[in-house]
Amino acid sequence: MSAMLSIQGLWKSFAGFVATRDVSFELKAGETHAIIGPNGAGKTTFFNLITGHLKPDKGAVSFEGRTLIGMPPHKIVRLGIARSFQRINIYPRLSVFENVQVALIAHEGQQWNLLRVGRSLHRDATRDLLELVGLAAEASEIGGELSYGKQKQLELAIALASKPRLLLLDEPTAGMSPQETGETIALVRDIVKARGLTLLFTEHDMSVVFGMAERISVLHHGEIIASGEPDAVRNDPEVRRVYLGEQGHG
Ligand code: ADP
Ligand code: MG
C-alpha cells in the first residue's frame, strides 16, 4: 500500500541550529502514529513543516501523491490535513457555537453569505460537530471561558470543520488533569474511528502513547532514531538509551 503522507530527506535549521535533520517518514492511510521525543527534539517543527507553517531548507513532503512543498497552510488544509496546536488556538471572545461556525464558513468559502444568512449558516453542521466533541451543552458559552479541557475539545471541533482525512494533534493532552487526559484520549479515539481518520500525534505522556499508537517514531535532536510498532520501539536499545531509559515510561 502506498503512503498517505511521504517525507524524504527533510531538513530545517534556525540560525544554524538544526531542528530537523534528514527526516524521512511514511504514514499509511488509517494508521494512528505517535511522534515522541524529549522537549526540543523537533516534534512541533516537524508538524510545522508538514502543514506549511514552516518551509523546509531541503527535502520532499507529499500527501496523497501531491507535493506540499511551497504550499501555504490554508491550501494544505484544503487538501485534507488539519491540526491542533500545542497552545490553545480558538477565538476566545466568540461563543463555542460561533467558533465552529466560523471554521465551517472559512472552509466552505462563503464569507459573503454570512451577512445574508447570519446565525443560521451551517447551523446543523455546527451542532453535529459540537455533539461529536461533547460540547453540545456549551454551545452558547464564550470560548475563552471554557475549562482548559473543553477549550481543547473546541479546538478539535474546529480542526474537524475542514473535513480532514489526516489529523495532526500536537500534545493534545498537554496541561490536562489525568481525568481530562483520559476523556480527551477516549474522544479522539472515537472520532478517529467514526470518521476513518489517519492520526499523527505528539504526546509526552507515555501511557497515552503506548496505549493508543499503532506505530511510533522517536525524534532525538531532530533526527528519527527509531520507527515501528510500539513493542519494537519500547525495546529498541538506542531509544532506551537516549530517551525512554533516562526518564522511564511507566
Ligand atoms: P518539540 O516540539 O519537540 O519540543 P520544537 O520543534 O518546538 O521541539 O523545537 C525544536 C528545536 O528548535 C528547539 O531547540 C527550539 O528551540 C528550536 N526552534 C523551534 N522553532 C524555532 C524558531 N522559530 N526559531 C528558532 N528556534 C526554533
Ligand atoms: Mg512541541
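First things first, this report covers the structure right here in the doc. (Residues numbered from 1 in each chain as written. Chains lettered and ligands numbered in written order. Predicted model: local features only at pLDDT ≥ 70, side-chain atom pairs only at ≥ 80, totals over all residues. Heavy atoms only, no water.)

Section: helix α5 (residues 123-132)
Selection criterion: Any residue under 20% of the maximum accessible area for its type is buried, any over 50% is exposed, and the rest in between are partly exposed; the area is computed with a 1.4 Å probe on protein chains only. The secondary structure listing takes helices from DSSP runs of H or I that are at least 4 residues long and strands from runs of E that are at least 2 residues long, numbered from the N terminus. Within this analysis, the arc is defined by the directions that extend from the helix axis to the C-beta atoms.
Residues of α5 that are buried include every one of Thr126, Leu129 and Leu130, and no others. Viewed along the axis of α5, the buried residues span an arc of 100°, placing them on a single side of the element. Facing away from the buried side of α5 by over 90 degrees, the exposed positions are Asp124, Asp128 and Glu131. Taken from the residues just after α5, Gly134 is the one with a positive phi, measuring 80°.

Thoughts on the environment of Ala232
Along the polypeptide, Ala232 turns up in helix α9 (residues 230-234). For the pair formed by Ala232 and Gln8, sequence separation is 224 residues and the distance between their alpha carbons is 23 Å.

Topic: empty space enclosed by the protein
The condition that has to hold: Each cavity reported here is a set of points on a 1 Å grid over the protein atoms alone in which a 1.4 Å probe fits but cannot get out, each pocket an open set with protein on both sides within 12 Å along at least five of seven lines, and each lining residue one with an atom within 4 Å of a point. Grid points are joined across faces, edges and corners, and a volume is the space filled by probe spheres set on the points. Each residue receives one of three labels: charged for Asp, Glu, Lys and Arg, nonpolar for Ala, Val, Leu, Ile, Met, Phe, Trp, Tyr, Cys and Pro, and polar for the others, Gly being one of them.
The tally for this structure, following the rule as stated, stands at one cavity of 30 Å³ or more. By volume, the largest cavity is sized at about 90 Å³. Lining the largest cavity are Ser84, Phe85, Lys152, Gln153, Glu155, Leu156, Leu169, Pro172, Thr184, Leu187 and Val188. Where the lining of the largest cavity is concerned, the elements lending two or more residues are α6 (148-160) and α7 (178-195). Top contributing element to the lining of the largest cavity by residue count: α6, with four residues. Class assignment for the residues of the lining of the largest cavity results in six nonpolar, three polar and two charged.

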